[in-house]
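# Overview (structure and organization)
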Amino acid sequence: MTTIHPIKVPLPFPVKWINCFYVRDSVPTLIDTGIHSDDCLQAVRSAIAATGDALEDLRRVIVTHGHVDHMGLAGEIARICGAEVFIHAWDESKTTVVDPEHVSETRRKYALFLQEAGVPDATASELVDLVVTRLESLCRPMSHVTALHGDEVFRFDDLDLTVVHAPGHTPGSVCLFDARRGHLYSGDSLIEELTFSPATDTDGTDNGRVYQSLTECRHTWNRLSELNVRKVFPGHGRAYSNLRERIQHLRAFHEHRRCEILSVLETRRSAQGSQSGFTRLELARRLFPTMKEIEVYYRITAVRAHLEVLEAEGLVSSTPGDSGLVYSLCRG
Ligand SMILES: [Zn+2]
Ligand SMILES: [Zn+2]
């Protein structure tokens, strides 16, 4: 009989652990992995051993999205047991960002993102070092992954998990849905206690199309609301049952942030003779005055997620300034 065992894997981050899931079955499968560290490997290994199985027998690793806490250990596990690693095609490029041949491109992208945001060069280069060093130390490169596209069904002895593409948190985020039980394994797409900003990515485009993370989040929330979900098993925090309530909360949270950004922009429209707008860094500082170090990067991405929607709606426009793009309210 197929059983699914949650594994609480420790993380050296403010988010103290990730929930991975071991699917005990004739095709033993792991959902998400933790970072590439001895502690994570040990936690996964002993949790699987506690069921009477062995990590070496894993045949599949399904990664809900391309963030290091969810996929950092996948390369090492694949090396140990030859398991096939699955990730959505739109996050596949994240599995190679720390490969030696891609590191300089990764650095260039982050540097450009920070420069556009108005971060001074010296601080930007410190932040790029922080982000890239962190990625390199937490993620083992993967020699091969199998791309998912959504709607695939992973068949187990007596349950099926359907891949639900859930872009937003990252372009290639997926949830896994056990329709018979109404269980949704949601990765970072829907967590009860945490509201992650969408698009902690430097690259707003994917496969040549513009990727508007917050708009994608809203579509994803609509799609997930339509599923008959009885229980959500998130990537962090506890399992919960009130999915629609959680989605309502997220909508309200982002509506509030949108209003905050618009009111900060309003202060410069009404101020006579001052600079006409704000860079993303300046907006982030107004909203999160105590931010520092790597948080600066995440806060800028949070602000950008809203600015790109406001720009697409014609409420805000941006122009290149001396230090990055300058955003202001459109007249009228
Ligand atoms: Zn994530
Ligand atoms: Zn996560």
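Residues numbered from 1 in each chain as written. Chains lettered and ligands numbered in written order. Predicted model: local features only at pLDDT ≥ 70, side-chain atom pairs only at ≥ 80, totals over all residues. Heavy atoms only, no water.

### Looking at the sheet that holds strand β1 (residues 3–10)
- Pairing is mixed across the open sheet formed by 6 strands, whose spatial order is β1-β2-β3-β4-β5-β6. Whereas interior strands pair on both sides, the edge strands pair on one side only; in this sheet they are β1 and β6 (146–148). Here the strands of the sheet are splayed against their neighbours by 25 degrees on average, with no regard to which way each runs.
- Direction of pairing for strand β3 (residues 29–31) relative to strand β4 (residues 60–62): parallel, over a ladder of 3 bridges. Bridging from a neighbouring strand, Leu 30 pairs with Val 61 of β4.
- Sheet contacts for helix α1 (residues 38–50): β1, β2 (17–24) and β3; angle to β1, the most-contacted strand, approximately 155 degrees. (Pairing = 2+ DSSP bridges. Helix = DSSP H or I, 4+ residues; strand = E, 2+ residues; numbered from the N terminus. Axes fitted to C-alpha atoms, helices over the stretch in contact; angles between N-to-C directions. Contact = heavy atoms within 4.5 Å.)

### Concerning the coordination of the zinc ion (ligand 2)
- Listed as protein donors to the zinc ion (ligand 2) are Asp 69 (OD), His 70 (NE2), Asp 188 (OD) and His 236 (NE2); their distances from the metal cover 2.1 to 2.2 Å.
- One way to put it: the 4 donor atoms around the zinc ion (ligand 2) meet at angles of 89 to 151 degrees, and that makes the site irregular.
- Here the donor residues of the zinc ion (ligand 2) are spaced in sequence according to D-H-x117-D-x47-H.
- Separation of the zinc ion (ligand 2) from the zinc ion (ligand 1) amounts to 3.6 Å, with Asp 188 serving as a shared donor to the pair. With a gap of 48 residues between them, Asp 188 in the loop between β10 (183–187) and β11 (205–206) and His 236 in the loop between β13 (231–234) and α7 (243–270) connect regions that are remote in the sequence. (Donors = N, O, S within 2.8 Å, 3.2 Å for Na, K, Ca; no water. Tetrahedral: all angles 85-135°; square planar, octahedral: opposite > 155°, others 65-115°.)

### With respect to the nonpolar core
- One finds Leu 58, Leu 114 and Ile 300 to be the most contacted residues of the largest nonpolar core, which totals 65 residues.
- For Ile 300, the residues in contact, after removing those within four places along its chain, are Phe 113, Leu 114, Ala 117, Val 119, Arg 280, Leu 281 and Ala 284. (Core = buried A, V, L, I, M, F, W, Y, C linked by side-chain atoms within 4.5 Å. Buried < 20%, exposed > 50% of the residue type's maximum accessible area, 1.4 Å probe, protein only.)

### Quick look at unusual backbone geometry
- Notably, Asp 32 is not glycine yet its phi reads approximately 65 degrees, a positive angle.
- By the secondary structure assignment, Asp 32 is in the loop between β3 and α1.
- At Glu 293, a residue that is not glycine, the phi angle is positive and equals roughly 50 degrees.
- With respect to the helices and strands, Glu 293 occurs in the loop between α8 (280–287) and α9 (294–312).

### Notes on the coordination of the zinc ion (ligand 1)
- Bound to the zinc ion (ligand 1) on the protein side are His 65 (NE2), His 67 (ND1), His 169 (NE2) and Asp 188 (OD), at distances that span 2.1 to 2.3 Å.
- The site at the zinc ion (ligand 1) holds 4 donor atoms, and with the angles between them running 91 to 165 degrees, its shape is irregular.
- Linear spacing of the donor residues for the zinc ion (ligand 1) on their chain is H-x1-H-x101-H-x18-D.
- The exposure class of His 67 is buried, given its relative accessible area of 15%.
- By relative accessible area, Asp 188 is classed as buried at 6%.

### Here we look at the domain arrangement of the protein
- Taken domain by domain, the protein consists of domain 1 (3–95 + 140–241), domain 2 (103–138) and domain 3 (258–329).
- Taking the mean C-alpha position of each, domain 2 and domain 3 sit 20 Å from one another.
- For the pair domain 2 and domain 3, the summed buried surface comes to about 1,100 Å²; carbon and sulfur atoms form 73% of the total.
- Sorting the residues of domain 2 by area buried against domain 3 places Phe 113, Glu 116 and Ala 117 first, and these three jointly supply 44% of that buried surface.
- Joining domain 2 to domain 3, the criterion identifies 1 salt bridge.
- For Arg 280, the salt bridge goes to Glu 116, with nearest N and O atoms at 3.4 Å.
- Our enumeration of links across domain 2 and domain 3 arrives at 4 residue pairs in polar contact (both at pLDDT 80 or more).
- Sorting the residues of the side of domain 2 that touches domain 3 by element identifies α4 (103–117) and α5 (121–138) as the ones contributing at least two each.
- Considering every element that reaches the side of domain 2 that touches domain 3, the biggest residue donor is α4, with 6 residues.
- Split by residue class, the side of domain 2 that touches domain 3 holds 9 nonpolar, 2 polar and 2 charged. (Domains from an automatic or database assignment. Buried area = accessible area lost by both parts, 1.4 Å probe. Salt bridge = Lys/Arg side-chain N within 4 Å of Asp/Glu carboxyl O. Polar contact = N/O pair within 3.5 Å; in protein donor to acceptor, adjacent residues only side chain to side chain. Nonpolar A, V, L, I, M, F, W, Y, C, P; charged D, E, K, R; others polar.)

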